[in-house]
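Here are the chains, one letter per residue:
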Amino acid sequence: MKIIGTGSALPKKVVTNDMLKEFFDTSDEWIRTRTGIETRRIMTDECLLDLATTACKRAIEAAGICPEELDYIVCSNVSNNYVYPTLSSMVQGAIGATCPCIDLRNACAGYVYALDVADMYLQTRRANKILVLAAEEPTRFCHWEQRETSVLFGDGAGAVVVEKGDGFLGSKMTTVSNTEVLYQRKRLESTPFEVEGTYIDHIMVMNGREVFRMAVSGCSSEISHLLQDHNLKTSDIKYFILHQANMRIISGIQQHLDAKTEQCPTTVQKYGNTSSASMVILFDELVRANKIQRGDLLVFSGFGAGFTTGSCIVRY
Ligand code: COA
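Quick notes on the rules
- Residues numbered from 1 in each chain as written.
- Predicted model: local features only at pLDDT ≥ 70, side-chain atom pairs only at ≥ 80, totals over all residues.
- Heavy atoms only, no water.
- Salt bridge = Lys/Arg side-chain N within 4 Å of Asp/Glu carboxyl O.
- Buried < 20%, exposed > 50% of the residue type's maximum accessible area, 1.4 Å probe, protein only.
- Helix = DSSP H or I, 4+ residues; strand = E, 2+ residues; numbered from the N terminus.
- Pairing = 2+ DSSP bridges.
- Axes fitted to C-alpha atoms, helices over the stretch in contact; angles between N-to-C directions.
- Left-handed = near helix turned anticlockwise from the far one by under 90°.
- Contact = heavy atoms within 4.5 Å.
- Nonpolar A, V, L, I, M, F, W, Y, C, P; charged D, E, K, R; others polar.
- Phe/Tyr/Trp six-rings, centres within 6.5 Å; stacked < 30°, edge-to-face > 60°.
- Lys NZ or Arg CZ within 6 Å of the ring centre and 35° of its normal.

Q: Please explain the pattern of salt bridges as it appears in this structure.
A: When their charged atoms lie close together, side chains carrying opposite charge are able to pair. Counted according to the given criterion, the structure contains 12 salt bridges. Two residues, K233 and D236, come together in a salt bridge whose shortest N-O distance is 3.8 Å. Judged by relative accessible area, which is 53%, K233 ranks as exposed. In this structure, the salt-bridge partner of D296 is K238, at a minimum N-O distance of 3.2 Å. With D296 in the loop between α10 (278–288) and β12 (297–304) and K238 in the loop between α7 (208–229) and β11 (239–242), this pair connects stretches of sequence that are 58 residues apart. Ionic contacts of the salt-bridge type, sharing partners, join the residues K12, D45 and E46 into one network.

As structure tokens, then:
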């Protein structure tokens, strides 16, 4: 796999920590010290398809190809308001592509899994050019009276175009079945046969401390093993592009890896946790700011509900 174009898109509305005080009892100080988040972007009159389409068009333009040249779209997404059809089918029509599409639902770690699937399609010669996107609106998953989750999230989308190449050095994926620490059930219709008391609530449930602990230990050990397997040292990596959920989680992983602060760039302070879109939004910003050069080694690593982690090494 070789990455030939990147793009991203964010909602225009900037929401500061102080603005959240209107909805629940919180403070800028609490949010900054616990998460590092200062602002986030939240959708107003946009919809997720708009963001996803804009991010994809930017990636396709940067890759210098036509949408008709794509022969697969892989989309990481959990927070689309359609259960079906897939977001990737909607994006396909919006960008004028004609290829088959698939959505992966692997929560915040989903982007690394999407890259891994794309690499397999390229390696098995079942595709030549693939659009890999992540688009999420997790702010629509929050119960806006639940302050411990509502402060964490933001909306956004990012995409890359990949083609055949030798830039995907390897990946490591882990799932430890622990479905209690972070989950959300979808709202289902009632049936006339439902037994009383089987109503299922659909509010996000999160054990923040446990998620924090599993994220730091899961990503740190996965990245360490991956580096070891490829005879690489922390210092060989230009950037660790980590899931942007919380500044303290990023610092924890950085310390475990003995990486420098500048090796772990962040956008979480500006955009909050945009779920699986966070890594690719950050990546696109680095590419567009000319902070990544061809040949640089990058590690992508994410974590999320499952509990799932996924990491990969990419030579840009
Ligand atoms: N504003 C003010 N107070 C808040 C608050 C908010 N937005 N949210 C929770 N609190 C309160 C709680 O009610 C609790 O009060 P109590 O002790 O009186 O019951 C207290 O703050 C909890 O504080 P603390 O235990 O110090 O929180 P923490 O250091 O564990 O930080 C998280 C909480 C959620 C920020 C942290 O656990 C975290 O980031 N976890 C990872 C979450 C994550 O990344 N999820 C997405 C995964 S993809």
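Q: Sorry if this is basic, but what is going on with the sheet that holds strand β5 (residues 101–104) here?
A: Two pairing modes exist for strands in a sheet, parallel and antiparallel, and in both the strands are linked by backbone hydrogen bonds. Strand order in this open sheet of 5 strands is β1-β7-β6-β4-β5, and the pairing throughout is mixed. The open sheet has two free edges, formed respectively by β1 (2–9) and β5, since each of these has just one partner strand. Sheet twist, expressed as the mean angle between neighbouring strand axes with direction ignored, is 15 degrees. Relative to strand β6 (residues 129–136), strand β4 (residues 72–76) runs parallel, the two sharing 5 bridges. Its bridge partner being in β6, C75 is matched across the sheet by L133.

Q: Just to check I follow, could you spell out the packing of α7 against helix α8 (residues 247–257) for this structure?
A: How two helices sit against one another is set out by the angle between their axes and by the gap between those axes. Direction vectors running N to C along α7 and α8 enclose 35 degrees, while the axes themselves pass 9 Å from each other. Judged by the sense of rotation from one axis to the other, the crossing of α7 with α8 is right-handed. Contact with α7, carried on its side by F212, A215, V216, C219, S220, I223 and S224, involves R248, I249, G252, I253, H256 and L257 of α8 and no other residues of that element. Its residues assigned to classes, the contact of α7 with α8 shows 8 nonpolar, 4 polar and 1 charged.

Q: Would you explain the packing of aromatic side chains in this entry?
A: Here the distance between the centres and the angle between the planes together describe a pair of aromatic rings. Applying the stated criterion across every chain yields a total of 6 aromatic pairs. Measuring from ring centre to ring centre gives 6.0 Å for F23 and W144, while their planes differ by 85 degrees; the resulting arrangement is edge-to-face. Here F23 is found in the loop between α1 (17–20) and α2 (28–35), whereas its partner W144 is found in the loop between β6 and α6 (147–150), with 121 residues between them in sequence. For F23, a relative accessible area of 46% translates into the label partly exposed. Seen from their ring centres, F283 and F300 are 5.2 Å apart, and the 85 degrees between their planes marks the pair as edge-to-face. With F283 in helix α10 and F300 in strand β12, this pair connects stretches of sequence that are 17 residues apart. By relative accessible area, F283 is classed as buried at 0%. Ring-pair connections join several aromatic residues into one group, and the members of that group are F23, F24 and W144. Lying over the aromatic face of Y316, R294 brings its terminal NZ or CZ to 3.9 Å of the ring centre.

Without other data, these values stay purely geometric and don't point to any function.
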